[in-house]
Amino acid sequence: MHTLTGEEGALAVLFARSVLENHIGSPCGDLPALPPIFSQKRGVFVTLTREGELRGCIGFPYPVLPLTEAISDAAISAATRDPRFPPVRAPELPLIRIEVTVLSVPELLAVAPEARPAAVEVGKHGLIVRGYGMSGLLLPQVPVEWGWDSTEFLDHTCLKAGLPAGCWRRKDIEIFTFEGQIFGEGKGEG
């Protein structure tokens, strides 16, 4: 799967901003034209922050939609359907910072449970924990922002799934890793 260039990543963020302006704010007209890579199915998350605090984050861990549709749906959902926050309103849009994370396909971490912390690279991997009908995902940038080591990252992903911290030590819990290209307003790929 090809990675996005810095220019394509900037377009992804501009596209997400345009979608939000058209959906929540004053319609700003046509959405930007996007290169062919945006027709490929990709996993993607859109993260909204305000004054450095999370304001919404929703996406698709797996490549189920073309990138254009996935960004559009994730941006609107992050702004209006994240159950942790009230919907973003039009006057708030200028204060919102948008980040788009384009994901690689998640892969099962095929190591013994006790070897999982050593196999997880903080700053490179995002995680999905799945078990007992529950699932949780944390993006690669999260442990870096919080200063977690790989064990803490695994614990917090378990908690995000609604499972107890340390559940990753069990053989019946699946751990998936993925990588993400992170693009945000005012910065290139990170």
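Notes on the structure in this doc start here. Residue positions are given per chain, counting from 1 as you read along its sequence in written order. Predicted model: local features are reported for residues with pLDDT of at least 70 only, side-chain atom pairs are reported and counted for 80 or more only, and whole-chain, interface and lining totals are derived from all residues. Side-chain numbers here rest on the full set of heavy atoms in the structure, without hydrogens or water.

**Notes on the overall build of the protein chain**
Tallying secondary structure elements over the protein chain gives 5 helices and 8 strands in all. The helix count covers DSSP runs of H or I at least four residues long, the strand count covers runs of E at least two residues long, and both are numbered beginning at the N terminus. Counting from the amino terminus, the protein chain carries its helices and strands in the arrangement α-β-β-α-β-β-α-β-β-α-α-β-β. Only C-alpha atoms enter the radius of gyration, while the globule expectation follows 2.2 Å times N to the 0.38, with N the number of residues. Relative to a compact globule of 190 residues, whose C-alpha radius of gyration would be 16 Å, the protein chain shows 17 Å and is just as compact. With respect to the principal axes defined by its C-alpha atoms, the protein chain has extents near 55 × 35 × 30 Å. Each residue is assigned to one of three classes by its accessible area relative to the maximum for its type, calculated with a 1.4 Å probe on protein chains only: buried under 20%, partly exposed between the two thresholds, exposed over 50%. For the protein chain, with 190 residues in total, the buried portion stands at 47%. Long-range contacts, defined as pairs at least 24 residues apart, comprise 69% of the intrachain contacts of the protein chain with a sequence gap of at least 6. The charged-residue count follows a simple rule in which Lys and Arg add positive charge and Asp and Glu add negative charge, with His and chain termini not counted at all. Taken as the charge location is NZ of Lys, CZ of Arg, CG of Asp or CD of Glu. When the 17 basic and 23 acidic side-chain charges of the protein chain are each reduced to a single mean position, those positions are 5 Å apart. The contact definition used throughout considers only heavy atoms, calling two residues in contact when any of these lie within 4.5 Å.

**Focus: unusual backbone geometry**
At E51, a residue that is not glycine, the phi angle is positive and equals roughly 55°. Relative to the elements of secondary structure, E51 occurs in the loop between β1 (43-50) and β2 (53-60). Judged by its relative accessible area of 70%, E51 is exposed. In this model, Y132 sits at a positive phi of 55°, which is unusual for a non-glycine residue. With respect to the helices and strands, Y132 occurs in the loop between β5 (125-131) and β6 (134-138). Residue classification places Y132 among the exposed residues on the basis of a relative accessible area of 52%.

**A look at helix α1 (residues 6-23)**
For a helix, the expected span equals 1.5 Å multiplied by the residue count minus one. Taking 1.5 Å of rise per residue, the 18 residues of α1 would be expected to cover 26 Å, and the 26 Å separating its terminal C-alpha atoms lies within 8% of that figure. Buried within α1 we find E8, G9, A12, V13, F15, A16, R17, S18, V19 and L20. If you follow the buried residues of α1, they end up packed against β1, α2 (67-80), β3 (96-103) and β7 (174-184).

**Some details on the pairing of β1**
Counting buried positions along β1 gives 7 out of 8 residues, so the element sits mostly inside the fold. Taken together, the 8 bridges between β1 and β3 define a ladder with antiparallel strand orientation. Residue pairing for β3: V44 is matched across the bridge by V102. Inspection of the sheet shows β1 paired to β2 by 7 bridges, in the antiparallel sense. If you follow F45 over to β2, its bridge partner there is G59. In sequence, β1 turns back onto β2 through a hairpin of 2 residues, with E51 there showing a positive phi of about 55°. Criterion used throughout: strands pair if DSSP finds at least two bridges between them.

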